[in-house]
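Single-letter residue listing:
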Amino acid sequence: LRLAHWDATLTGDEAYTLRHYAAKTPSYIATHYEVANNHVLLSLILNRLNALSPKELILTLKSHAVLRLPSYIASVITLALMLLIGRRILSAAASPLLAVLLGATFWHLIYSQLLRGYSLSALFNLLNVVLVGAVLRKGSKSALIALAFSVAAAHYLVPTNAWMTAALLLWTTLLAAFPGW
C-alpha cells in the first residue's frame, strides 16, 4: 500500500515546497517561514539530497520518487515505534494490531508517499514518547538529551507539534506524579 502512488504527480503543496524552499540555500530555508508549507527540516533534507545527487532532482524533477524517500522511510520507522510503544503500554500481543491500525490509516499512507513533513513529524513525536519512557523508567541522561533534540526536530518540521509536546509534557507529569499509573 505504501508504494501504490510512489511515482504519482506532485501535489501543489509538494511543488511549492520544492520550488520556494528546498531549491533555495540551507540558510534561506532555515530562516524563512512565510507560509506553513515550509516544513523546515524536511526542506533541508531535500536540499541535501538534491546536492548529493549527480542530477538536479529538484529543478528538473528527474526523479521526485527519490525525494519522497525521507517520508517513506520515516513512515516505516513509525510502525516499528508503534510496535515498541504498544509493547510498553499495552502488551506484546496488542502491539502488532496498533502498528497495523496506524499503517493502514489513510493519512499515514498518503503522507508516507508525499514530500511533506508529516511522516517525519509522526516519527519524532513517537520517538519522543519512547524517550520519555526511557527517561522515566531508567533515569537515562542520554535519553533525556536525545529527547531534547527530538522535540526540537519535531518543532522544526511542523511548528504545531507544540500541541503534541504539550500533551507529552502533561502525560509525563502525570506519570511522574503517579508512578505505576
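Look a little higher up for the structure.
Source: prediction; values computed, not measured. (Residues numbered from 1 in each chain as written. Predicted model: local features only at pLDDT ≥ 70, side-chain atom pairs only at ≥ 80, totals over all residues. Heavy atoms only, no water.)

Within the chain, the secondary structure is distributed over 11 helices and zero strands. Across the chain, helices and strands are ordered from the amino to the carboxyl terminus as α-α-α-α-α-α-α-α-α-α-α. What you see for the chain is a C-alpha radius of gyration of 18 Å, in line with the 16 Å of a compact globule of 181 residues. Taking the principal axes of the C-alpha coordinates as reference, the chain spans close to 55 × 35 × 25 Å. Long-range pairs, those at least 24 residues apart, make up 64% of the contacts in the chain between residues at least 6 apart in sequence. For the chain, the exposed area adds up to about 10000 Å²; of that, 71% sits on carbon and sulfur atoms. In the chain, 13 positive and 5 negative side-chain charges are present, and the distance between their average locations comes to 15 Å. (Helix = DSSP H or I, 4+ residues; strand = E, 2+ residues; numbered from the N terminus. Rg over C-alpha atoms; globule rule 2.2 N^0.38 Å. Contact = heavy atoms within 4.5 Å. Areas by Shrake-Rupley, 256 points an atom, 1.4 Å probe, with all protein chains shown as cover. Lys, Arg positive; Asp, Glu negative; His and termini not counted. Charge placed at Lys NZ, Arg CZ, Asp CG, Glu CD.)

Looking now at the packing of helix H3 (residues 40–52) against helix H10 (residues 141–157). The geometry of a pair of packed helices is captured by two quantities: the angle between their axes and the separation between those axes. Where H3 meets H10, the closest approach of the two axes is 5 Å, and the angle between their N-to-C directions is 85°. The pairing of H3 with H10 is recorded here as roughly perpendicular in orientation. On the side of H3, the interface is formed by Val40, Leu41, Leu42 and Leu44, while H10 contributes Ala153, Tyr156 and Leu157. Here the residues of the contact of H3 with H10 sort into seven nonpolar, no polar and no charged. (Axes fitted to C-alpha atoms, helices over the stretch in contact; angles between N-to-C directions. Parallel < 35°, antiparallel > 145°, perpendicular 65-115°, else oblique. Nonpolar A, V, L, I, M, F, W, Y, C, P; charged D, E, K, R; others polar.)

Quick look at the nonpolar core now. Residues Leu18, Leu46 and Leu67 are the most contacted members of the largest nonpolar core, which totals 31 residues. For this core, the secondary structure elements donating two or more residues are helix H1 (12–22), H3, helix H4 (57–60), helix H6 (69–89), helix H9 (118–138) and H10. Setting aside residues up to four positions removed in sequence, Leu46 forms contacts with Leu18, Ala22, Ile58, Leu67, Pro70 and Leu115. (Core = buried A, V, L, I, M, F, W, Y, C linked by side-chain atoms within 4.5 Å. Buried < 20%, exposed > 50% of the residue type's maximum accessible area, 1.4 Å probe, protein only.)

Taken together, the side chains of Val66, Leu69, Ile73 and Ile77 define a hydrophobic patch exposed on the protein surface, amounting to about 290 Å² of accessible area. If one sorts the elements of the nonpolar patch by residue count, H6 sits on top with three residues. For Leu69, the location among the structural elements is in helix H6. (Patch = residues over 30% accessible without salt bridge, like charges linked within 9 Å, V, L, I, M, F, W, Y side chains within 5 Å. Salt bridge = Lys/Arg side-chain N within 4 Å of Asp/Glu carboxyl O.)

Across all of its chains, the model carries four aromatic pairs by this definition. On the basis of an interplanar angle of 80° and a centroid distance of 4.9 Å, the ring pair of Phe106 and Trp107 is categorised as edge-to-face. The residues Phe106 and Trp107 share a single accessibility class, namely exposed. Within the aromatic cluster, the residues linked to one another by ring pairs are Phe106, Trp107, Tyr111 and Tyr118. (Phe/Tyr/Trp six-rings, centres within 6.5 Å; stacked < 30°, edge-to-face > 60°.)

Turning our attention to the pattern of salt bridges. For the coordinates displayed, the defined rule picks out one salt bridge. Between Glu14 and Arg68 there is a salt bridge whose closest N-O contact spans 3.1 Å. With Glu14 in helix H1 and Arg68 in the loop between helix H5 (64–67) and H6, the pair connects residues that are 54 residues apart, well separated along the chain. By relative accessible area, which is 0% here, Glu14 ends up buried. Classification of Arg68 by relative accessible area gives buried; the value is 1%.

As a further point, take H9. Over its 21 residues, H9 extends 30 Å from the first C-alpha to the last, a length consistent with the 30 Å expected when each residue adds 1.5 Å. Buried residues dominate H9, accounting for 15 of its 21 residues. Phi for Gly139, located one or two positions after H9, is positive at around 65°. (Expected span 1.5 Å × (residues − 1).)

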